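Listed below are the residues making up each chain.
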Amino acid sequence: MSIEVDRRKFLKFGGAAFGFQALGLGTLLAACGSDDEADSNTPTPTGTGTGTATSGATTAPVGGQTLTLPFGADMQIPDPDIMYEGEGCYVMHSVYEGLIDYDYASEAGAFRPQLAESWEVSEDLLTYTFLLRPGVLFHDGTPADAESWIKSFERRLAVNQGPAYMVAGVIEMTAPDPTTFIVTLSEPNNAFLHYLACPWRPFAVSPTAVAANEVNGDLAQEWLKTHDAGTGPYTITEFTPGTGYKLNYVESWWGETPDFTTINITIVPDFSTQRLLLESGEADLTKSIGFRDALSFQENPDFETYILKATSFITLWLNPTSGMLGSNRDLRRAIIQAIDVKSILDPTFDGTVEVTTDFISPAVIPTGVTPFHQDYDPTVLAGMVDSLESKSIDLAYRESGGPPYRQIAELIQTQLATFGLDVTVRGMPSSQMFAMNTGPEDQFPDLMITTWGGGGDALHFDTGARIQLRTGAKPLNWFNYSNAEVDAEMDLAILEPTVELTNAHYTKISEIVQEDAMVFPLGRDV
């Protein structure tokens, strides 16, 4: 999806409320400072979104302005090699930069330069040569040259957190000169450039700052909980978990001066409060608001509202490893068969979200390549309930999904209750979800509403499969699912020279996972 946010229109209205899960605020603000009449195309590759522009007056670029926005939840620590959720992407993309980025103004999967002005890929997909933008400085004043990129890749691998897989296939890096960075992979990987463009991409991290603030070999992990070592247009000047963050413009940044010199972020979990702050002018920008709030803003002439399709599906995950569902695939299948999806989506989204007929989002794989059809038959579950040892089901939903996710959970609760099942609904904050698969399996929910099928980290399904289905993947393989055949298929997929051959493996994965009755996509998120 592509959306143009005119700089003058943005400033005329004073801000915008964008619900993009992974939109880099630095990208948006830098675009707002451009001299072009309408020059910003900045949707998220993996997020969900509604957006509104708030009331204001000025239409000309004005330096020194402060942007105030609320976050619905606290982000993880802003370490670029640890942070791995949607909530903090505004901060990370304001502070750090990668080699390349997605070109959101063109077709899905196209790339544009960031700190690499150009790049070449060898025919065997093993060697990647990046010609770097000269003169780029880290916030500590040291050069972001090719040697610093070697250190940045090495740090991500050594920290070895969720996004480390993006550089795990690198076997050699060289810097023949300050502006040439050469990466060699151990085997072909047709997803590698997608790794480098995704929201959680490898970032340039100052090796000087890391060395100066390292304690007992921690690679400055403790220091980077409240500081930054990036090259982006902003630097972190205050970071108080649970309260808020402050970012200030860095005058040495290589790009065009943005209109906002200060960004104040406060933690406001309640969506209604976020709306009130926006309407009163106490907030200029919100990361997300409720779907129905966005619809109501459409009727207000002081606001501009954009409702965009996400790349991912709203999905009901069924626990395949523990609890009453983990030992009973037939019961999981029966639950999938018994849910009337249309009667859930229609009242939640006023008919704007259709029941999916694809298992993997058409944002990353063409529609029809991974077909999905629910064999709706509530009689199967009705015939099983009396024989169940327990009728209690724990249903969790991702709190950051806001009111729509809660409503979907409650509607599923109501439908399953008609079969005699006792379904308890609870919200689950992002921090709890991200820690879930490292905890005891007897604390996993039986059912969980979150997302699936949009490519995971990038506009390439390898990242969806690799972080959500792969044996041992953490933290997004929610229920510690393991299937050797799925692992093998995803490894074969990235070796293929054509999209068609690659997608044949993803079709096979979709068939296996559907057979395991673990993932039930409902409809494309908005």
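Check the entry above for the structure.
Because the structure is predicted, anything quoted here is derived from the model rather than measured. (Residues numbered from 1 in each chain as written. Predicted model: local features only at pLDDT ≥ 70, side-chain atom pairs only at ≥ 80, totals over all residues. Heavy atoms only, no water.)

Draft legend 1. Local environment of helix α16 (residues 484-493). Within the span of α16, buried status applies to Val 486, Asp 487, Glu 489, Met 490 and Ala 493. In an axial view of α16, the angular spread of the buried residues amounts to 165°, which keeps them on one side of the axis. Packed against the buried residues of α16 are α15 (461-468) and α17 (499-515). (Buried < 20%, exposed > 50% of the residue type's maximum accessible area, 1.4 Å probe, protein only. Helix = DSSP H or I, 4+ residues; strand = E, 2+ residues; numbered from the N terminus. Arc of directions from axis to C-beta. Contact = heavy atoms within 4.5 Å.)

Draft legend 2. Expanded view of the sheet that holds strand β18 (residues 519-524). In spatial order, the strands read β16-β15-β17-β14-β18; together these five strands make up an open sheet with mixed pairing. Here the strands that pair on one side only, and so sit at the sheet edges, are β16 (422-428) and β18. Across the sheet, the axes of successive neighbouring strands diverge by a mean angle of 25°, strand direction being ignored. Two elements, strand β14 (residues 313-318) and β18, share five bridges in a ladder whose sense is antiparallel. Bridge assignment links Leu 316 to a residue of β18, and that residue is Phe 520. Contacts from helix α13 (residues 402-417) reach β14, β15 (392-398), β16, β17 (447-452) and β18, with the element oriented near 165° to β15. (Pairing = 2+ DSSP bridges. Axes fitted to C-alpha atoms, helices over the stretch in contact; angles between N-to-C directions.)

Draft legend 3. Structural view of the environment of Ala 204. Checked against the element boundaries, Ala 204 lands in the loop between α5 (192-197) and α6 (207-213). Once the C-alpha coordinates of Ala 204 and Gly 230 are considered, the two residues, 26 residues apart in sequence, prove to be 6.2 Å apart. Excluding its chain neighbours within four sequence positions, the residues that come into contact with Ala 204 are Tyr 96, Glu 97, Leu 115, Phe 138, Trp 149, Ser 152, Ala 229, Gly 230 and Thr 231.

Draft legend 4. Fine view of the packing of α16 against α17. At a minimum axis distance of 8 Å, the contact between α16 and α17 shows a crossing angle of 165°. Relative to α17, the element α16 is oriented roughly antiparallel. Crossing of α16 against α17: the hand is left-handed. Judged by residue contacts, Glu 485, Val 486, Glu 489, Met 490, Leu 492 and Ala 493 of α16 engage Thr 502, His 505, Tyr 506, Lys 508, Ile 509, Ile 512 and Val 513 from α17. Grouping the amino acids of the contact of α16 with α17 by side-chain chemistry returns eight nonpolar, two polar and three charged. (Parallel < 35°, antiparallel > 145°, perpendicular 65-115°, else oblique. Left-handed = near helix turned anticlockwise from the far one by under 90°. Nonpolar A, V, L, I, M, F, W, Y, C, P; charged D, E, K, R; others polar.)

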